[in-house]
Amino acid sequence: MSEISFLAYGLGAAAALAAAPSLRQRLELSMAKHPSLAGHSRLARRIAALVPYYAYDEMRFFRADGAPDEIAARRRAGFARLSALYGERYARSAALTAEARPGISDLQFTSAYRVPFQFGRVVREHLPVGAFAQATDGPFIVDLDDNRFYDLTGSYGVNLLGHEFYKSCMAEGGARAATLGAVLGAYHPCVADNARRLRAISGLDEVSFHMSGTEAVMQAVRLARFHTRRTHLVRFCGAYHGWWEDVQPGVGNPVHPRHTYTLKDMDEGSLRVLRRRDDIACVLVNPLQSLHPNANAPGDGSLVDSARRAHFDREAYAAWLARLREICTARGIVLIFDEVFVGFRLAPGGAQEYFGVRADLVTYGKTLGGGFPVGVVCGRADLMKRYREDRPADICFARGTFNAHPAVMAAMQVFLERLETPEIRRLYAGLDQVWNVRARALNERLRGENLPVRVANLSSIWTVLYPQPSRYNWMLQYYLRAAGLALSWVGTGRLIFSLDYTDADFEAVAGRFLDGAAAMQRDGWWWSDPAVTDRRIRRGILREMLAQRF
Ligand SMILES: Cc1ncc(COP(=O)(O)O)c(C=O)c1O
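Engineer: Help me understand the sheet that holds strand β3 (residues 148-151), please; the structure alone is not making it clear to me.
Structural biologist: Consider a sheet: its strands pair through backbone hydrogen bonds, and that pairing is either parallel or antiparallel. With respect to topology, four strands assemble into an open sheet ordered β1-β2-β3-β15, the strand pairing being mixed. On the outer flanks of this sheet lie β1 (135-137) and β15 (485-486), each paired with one strand and no other. With respect to the sheet, helix α19 (residues 503-522) is in contact with β3 and β15, its orientation differing from that of β3 by roughly 105°.

Engineer: Quick question: what am I supposed to make of the site of the ligand here?
Structural biologist: Lining the immediate surroundings of the ligand are S212, G213, T214, Y240, H241, G242, N286, D338, V340, F341 and K366. One of the side-chain nitrogen or oxygen atoms of T214 is found 2.6 Å away from an oxygen atom of the ligand. Burial of the ligand by the surrounding chains reaches 83%, relative to a free accessible area of 390 Å². The class makeup of the residues in the shell around the ligand is three nonpolar, six polar and two charged.

Engineer: Help me understand the sheet that holds strand β16 (residues 495-496) in this model?
Structural biologist: If you trace the three strands from one edge of the open sheet to the other, you get β13-β14-β16, paired in antiparallel fashion. Edge positions in the sheet fall to β13 (454-458) and β16, since each has one partner strand and no second. Of the strand pairs in this sheet, strand β14 (residues 461-465) and β16 are connected by two bridges, and their pairing is antiparallel. Of the residues in β16, the one forming a bridge with I461 is I496. Each of β13 and β14 is contacted by helix α17 (residues 431-448), which is oriented at about 170° to β13, the strand it contacts most.

Engineer: Even after reading the chapter, I still don't get empty space enclosed by the protein, so can you show me in this structure?
Structural biologist: Unfilled space is identified by rolling a water-sized probe across the atoms. Enumeration over the complete set of coordinates arrives at one cavity of 30 Å³ or more. What the largest cavity holds in volume is close to 60 Å³. What lines the largest cavity is Y86, R114, V129, Q477, Y478, R481, L487 and S488. Ranked by residues supplied to the lining of the largest cavity, first place goes to helix α18 (residues 476-482) with three residues. Tallied by class, residues from the lining of the largest cavity come to four nonpolar, two polar and two charged.

Engineer: Would you mind going over the nonpolar core with me for this structure?
Structural biologist: Within soluble globular proteins, side chains that are nonpolar tend to cluster in buried spots. Counting residues in hydrophobic clusters, the biggest one holds 133 residues, and the most contacted among them are F344 and F513. Non-local contacts of F344, meaning those with residues more than four positions away in its chain, are made with L160, L198, I201, G350, Y364, T367, L368, F415, L416, L419 and Y428. Ranked by size, the runner-up nonpolar core spans 20 residues in total, among them A216, L223, A281 and L361.

Engineer: Please explain the state of the cysteines as it appears in this structure.
Structural biologist: Two cysteines joined by a covalent bond between their sulfur atoms form a disulfide. Applying the stated rule across the entire model yields zero disulfides. Of all cysteine sulfurs, the one in C282 lies closest to C237, which takes part in no disulfide; the gap is 17 Å. A relative accessible area of 0% places C237 in the buried class. Left unpaired, C328 is separated from the closest cysteine sulfur, that of C282, by 9.1 Å. According to the relative accessible area criterion, C328 is buried, its value standing at 1%.

Engineer: What is the right way to read helix α8 (residues 163-177) from this model?
Structural biologist: Residue pairs three or four apart in sequence face the same way in an α-helix, which turns once every 3.6 residues. Along its 15 residues, α8 runs 21 Å from first to last C-alpha, staying within 8% of the 21 Å computed at 1.5 Å per residue. Every buried residue of α8 is accounted for by H163, F165, Y166, C169, G173 and A177. Across the axial projection of α8, the buried residues extend over an arc of 155°, all falling on one side. Exposed and oriented more than 90 degrees from the buried face of α8 are A171 and A175. Looking at the packing, one finds that the buried side of α8 touches β1, β2 (140-142), β3, α15 (406-419) and α16 (422-428).

Engineer: Honestly, the pattern of salt bridges in this entry has me stumped. Any pointers?
Structural biologist: Pairs can form between side chains of opposite charge whenever their charged atoms are close. What the rule picks out here adds up to 31 salt bridges. Residue D193 is joined to R197 by a salt bridge in which the shortest nitrogen-to-oxygen separation is 3.0 Å. One end of the pair is D193 and the other is R197, both in helix α9 (residues 190-202) and four residues apart, which spans about a single turn. Across the pair, R197 and D193 agree in class, each one buried. By sharing partners, the salt bridges in this structure join E172, R176, E417 and R418 into a single network.

Engineer: When you look at helix α6 (residues 105-112) in this model, what are you seeing that I'm missing?
Structural biologist: Within the span of α6, buried status applies to L107, T110 and S111. Considered in projection along α6, the buried side chains sweep an arc of 100° and stay on one side of the axis. Elements that come into contact with the buried residues of α6 comprise α5 (91-100) and α7 (117-126).

Engineer: Sorry, what's going on with the layout of surface pockets here?
Structural biologist: What the second largest pocket holds in volume is close to 740 Å³. If you go around the second largest pocket, you meet 30 residues; those closest to its centre are A131, A133, I141, T153 and S155. Sorting the residues of the lining of the second largest pocket by element identifies α6, β2, β3 and α8 as the ones contributing at least two each. Broken down by element, the residue count for the lining of the second largest pocket peaks at four residues, all from α8.

Reading the values: rules and limits
Residues numbered from 1 in each chain as written. Predicted model: local features only at pLDDT ≥ 70, side-chain atom pairs only at ≥ 80, totals over all residues. Heavy atoms only, no water. Pairing = 2+ DSSP bridges. Helix = DSSP H or I, 4+ residues; strand = E, 2+ residues; numbered from the N terminus. Contact = heavy atoms within 4.5 Å. Axes fitted to C-alpha atoms, helices over the stretch in contact; angles between N-to-C directions. Near = heavy atom within 4 Å. Polar contact = N/O pair within 3.5 Å; in protein donor to acceptor, adjacent residues only side chain to side chain. Areas by Shrake-Rupley, 256 points an atom, 1.4 Å probe, with all protein chains shown as cover. Nonpolar A, V, L, I, M, F, W, Y, C, P; charged D, E, K, R; others polar. 1 Å grid on protein atoms, 1.4 Å probe; cavity = no way out; pocket = protein on both sides within 12 Å on 5 of 7 lines; lining within 4 Å. Points joined across faces, edges and corners; volume = space filled by probe spheres on them. Core = buried A, V, L, I, M, F, W, Y, C linked by side-chain atoms within 4.5 Å. Buried < 20%, exposed > 50% of the residue type's maximum accessible area, 1.4 Å probe, protein only. Disulfide = S-S within 2.5 Å. Expected span 1.5 Å × (residues − 1). Arc of directions from axis to C-beta. Salt bridge = Lys/Arg side-chain N within 4 Å of Asp/Glu carboxyl O.

Okay, structure coming up:
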């Protein structure tokens, strides 16, 4: 070997040795990614950008699964009946929605993504869903045509204790804060009381107030980065933490966050990454993922087949959180529980109490505002500090004009006071048992009636599953609406109950649910060729897309 090649060989070996730990870390990171697209956000975004738009005409609409003529005719007749009913029953709500839609971008977005896009055009034309409501009354929401629906939208999770509860929190909060008006900067005295109560509930030292859950998460992550002097946040595959850049990699975000690792939920490989890497500031956990680990929030817009899965195992998830806690402590990583959705819903002390694991920072929001918009961070004193004692110019900035708005703070105070009353405490007693029994009973009835529909639940948060491959499951949301159940724009992906639902209310909901599902079955939507699988359905859709593109 010449001297030069010996030198080159030596340098190469030294470089490989130096690179080995980082190569190993990269490999570990790759292995900790979920194989689905939800685990590969960059790829998901690229693929999403290639999906071409096309819409089924009325011919294809009824036989996208190759159903025979007789079934297609039944579907067509059922659809026409449903459309006539919608036209008659929801006329005023639909008219105002149609008038307002061109000027409200959010409305255009939600209308476009209620069902898989191929079916959207026909559905929007014939089954218009009203986006307006005039009142609530107990468990009911009333539309502009005076129809009363059982409200299963849960107001995105805000409605934990029933509409009447929030109406009175808002009224009483407004009255308490009325003398101060819209003073911002100086606090209403109730802020001190709220901080005291929240510290007790969270078991943490300090509190900061924000305007939304998204902002609270932003602040928690910023604080973790400031104090650890590390760059990256870890989130788990499919978890929602608001719509801020760093926590929403993949489809929906035009830029790719550079400081986010998306790892597999409940997985050894992810723990290995946390153990080895030195750039991780925090781990964000949304305990709602325990219902569908590693999957995105379910919505009917992506319900192209029956592959939606959900199953809640409290012990297994508690054990996973305990391991996360252990490793975060050992590695100086900040463990953040994002309880914006589940806080107060699972237990009065939230997910920390429910799963028996303590976090370093906890975010709350939604229901905590007593009906008004809010976000809150609770945390350890050392992590909540926004400046360094020994470096006065090194600060972690977080301010917001409307933080601690008097009306919001006063409604929050009413919410927190009432949380302590025996009446509300009683709702939490045996909560899981109540909702698990209800879910089981509904599943038994669905099975008994041979309906290809099931429900899965994390306490009062439910999702609908479809055990038999079908391209038309999303139609159920329209039958449920006709049966008097209001769902949010994600349809059967998420049903959210408020805890004030009595057994009689639930019985009425279950009856309507069964009626809706039975009507859909009668109309032939769940006809299925025994040879069809979810995989075949997806392949068929892929073929359609390729044909469309090329
Ligand atoms: C877990 C979680 N974090 C954060 C957010 C964002 O909260 P907001 O919509 O108030 O910004 C949500 C909203 O659904 C959420 O569920």
